[in-house]
Amino acid sequence: ASGACIVGSDTPNDISTAYVPKNDSTIADPGAAASAMTVASEKSATGADSEMDGFSSWGPMADYTLKPDIAAPGDSVISTAIDPKTNTQTYAVESGTSMAGPYDAGAALLVMQKLRATRPELQGADLVKAVKLALMNAADPMIDLKYPDTYVSPRRQGAGPVLYRHLRAHET
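Residues numbered from 1 in each chain as written. Predicted model: local features only at pLDDT ≥ 70, side-chain atom pairs only at ≥ 80, totals over all residues. Heavy atoms only, no water.

1. Things to note about the overall build of the chain
Definition in use: Comment: elements are numbered from the N terminus, with helices defined as DSSP H or I runs of at least four residues and strands as E runs of at least two. For the exposure calls, accessible area comes from a 1.4 Å probe over protein chains only, and a residue counts as buried if that area is under 20% of its type's maximum, exposed if over 50%, partly exposed in between. Contact between two residues is taken to exist if any of their heavy atoms lie within 4.5 Å; hydrogens are not considered.
When helices and strands are tallied, the chain shows 4 helices and 6 strands. Along the chain, from the amino end to the carboxyl end, the secondary structure elements read β-β-β-β-β-β-α-α-α-α. Out of the 172 residues in the chain, the part that is buried amounts to 33%. Look at the contacts in the chain between residues 6 or more apart in sequence, and 60% of them connect residues 24 or more apart.

2. What about the packing of helix α1 (residues 97-118) against helix α2 (residues 124-137)?
We apply this condition: Note on method: axes are straight lines fitted to C-alpha atoms, helices fitted across the in-contact stretch only, with angles between N-to-C directions ranging 0 to 180 degrees. Reported orientations rely on four angle classes, namely roughly parallel under 35 degrees, roughly antiparallel over 145, roughly perpendicular from 65 to 115, and oblique for the rest. Rotating anticlockwise by less than a right angle from the far helix to the near helix defines a left-handed crossing, while the corresponding clockwise rotation defines a right-handed one. For this classification, Asp, Glu, Lys and Arg are treated as charged, while Ala, Val, Leu, Ile, Met, Phe, Trp, Tyr, Cys and Pro are nonpolar and the rest, including Gly, are polar.
Where α1 meets α2, the axes come as close as 9 Å, and the angle between the chain directions of the two elements is 120 degrees. As judged from the angle between their axes, α1 and α2 are oblique. Relative to α2, the crossing made by α1 is right-handed. Across the interface between the two elements, Asp104, Ala107, Ala108, Val111, Met112, Leu115 and Arg116 from α1 touch Leu127, Ala130, Val131, Ala134 and Leu135 from α2. Class assignment for the residues of the contact of α1 with α2 results in 10 nonpolar, no polar and 2 charged.

3. Quick notes on the side chain of serine 41
This is how the line gets drawn: Polar contacts, as counted here, are pairs of nitrogen or oxygen atoms within 3.5 Å of one another; within protein the pair requires one atom able to donate a hydrogen and one able to accept it, and residues that are adjacent in sequence qualify only if both atoms are side-chain atoms.
With respect to the helices and strands, the residue serine 41 is situated in strand β3 (residues 39-42). Of the residues examined, serine 41 reaches a relative accessible area of 0% and is grouped as buried. Among the polar contacts made by the side chain of serine 41, one reaches the side chain of aspartate 53 at a distance of 2.6 Å. Serine 41 has contacts with Met52, Asp53, Phe55, Ser56, Ala72, Gly74, Asp75, Gly96, Thr97 and Ala100, leaving out every residue within four places of it along the chain.

4. Re α2
Side chains of residues three or four places apart in an α-helix project in the same direction, reflecting 3.6 residues per turn. Spelled out, the test is: A helix is expected to reach a length of 1.5 Å times the quantity of its residues less one. Note that the arc is defined by the directions from the helix axis to the C-beta atoms.
Across its 14 residues, α2 extends 20 Å between first and last C-alpha, which sits within 8% of the 20 Å expected from 1.5 Å per residue. Of the positions making up α2, those classed as buried are Leu127, Val131, Lys132, Ala134 and Leu135. In an axial view of α2, the angular spread of the buried residues amounts to 165 degrees, which keeps them on one side of the axis. Exposed and facing more than 90 degrees away from the buried side of α2 are Ala125, Asp126, Lys129 and Asn137.

5. Focus on a nonpolar patch on the surface
Defined as follows: Every patch collects residues that have over 30% relative accessible area and no salt bridge, joining them within 9 Å if they carry like charges and within 5 Å if they are nonpolar side chains (Val, Leu, Ile, Met, Phe, Trp, Tyr). Here the accessible surface of atoms and residues is derived via Shrake-Rupley with a 1.4 Å probe, and residues count as covered only by protein chains that are part of the display. A pair is scored as a salt bridge if a Lys or Arg side-chain nitrogen falls within 4 Å of a carboxyl oxygen belonging to Asp or Glu.
Together, Ile78, Tyr91 and Val93 make up an exposed nonpolar region whose accessible area comes to about 390 Å². In this fold, valine 93 is placed in strand β6 (residues 88-94).

6. Digging into the pairing of β6
Inclusion rule: DSSP bridges decide pairing: two strands pair if at least two such bridges lie between them.
One ladder, built from 7 bridges, connects strand β5 (residues 77-83) with β6; its direction is antiparallel. The residue of β6 that forms the bridge with serine 79 is alanine 92.

7. Quick word on the side chain of aspartate 53
Basically, it comes down to this: Positive charges are assigned to Lys and Arg, negative charges to Asp and Glu, while His and the chain termini are left out of the count.
Relative to the elements of secondary structure, aspartate 53 occurs in the loop between β3 and β4 (70-73). Among buried charged residues, aspartate 53 stands out as having no salt bridge; its nearest opposite-charge side chain is lysine 43, 4.3 Å away.

8. Things to note about unusual backbone geometry
Omega for the bond connecting glycine 59 with proline 60 falls within 30 degrees of zero, at 20 degrees, which places this linkage in the cis form. Assignment of secondary structure puts proline 60 in the loop between β3 and β4. Along the chain, lysine 67 connects to proline 68 via a cis peptide bond; the corresponding omega equals 5 degrees. Positive phi, normally seen in glycine, also occurs at tyrosine 64, with a value near 75 degrees. Its location among the elements puts tyrosine 64 in the loop between β3 and β4. We note that serine 76 has phi near 55 degrees; this positive angle belongs to a residue other than glycine. Within the element layout of this structure, serine 76 appears in the loop between β4 and β5.

Structure follows, in structure tokens:
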């Protein structure tokens, strides 16, 4: 027995935890790697009422490292798909960290391009680390809708949702 007790909720995809062991985590490989940019899924489609998706993995890791690193839109995202009836390309509405990952990757690419232009001495792992830190520094921590005076735990949202508009303000 892990000692965790999950309390039910009337809200779809919602999780409420009554007790969690000190290092219980739902993050698996490869996102568990310290160098990985682990992305949580959030419901940005709800605008000011954004919240974390209940299905998204969260930490901390067994060594108490906070994961995920950042959050990105991953709920009800329009994505490319294959129509199984006609075997043709189409669009579909999907949800998951597999939808949040490409959003984060696009932001990472923009930051990497800027860093390559302004900090050419950054190469390899140092460049990747700088990109990860820039994205995390440009994130906007999410307020907990159920407790408006508090932030969602970084165990669920990391540094918060990455916002493209903040990347310009945090140029390095």
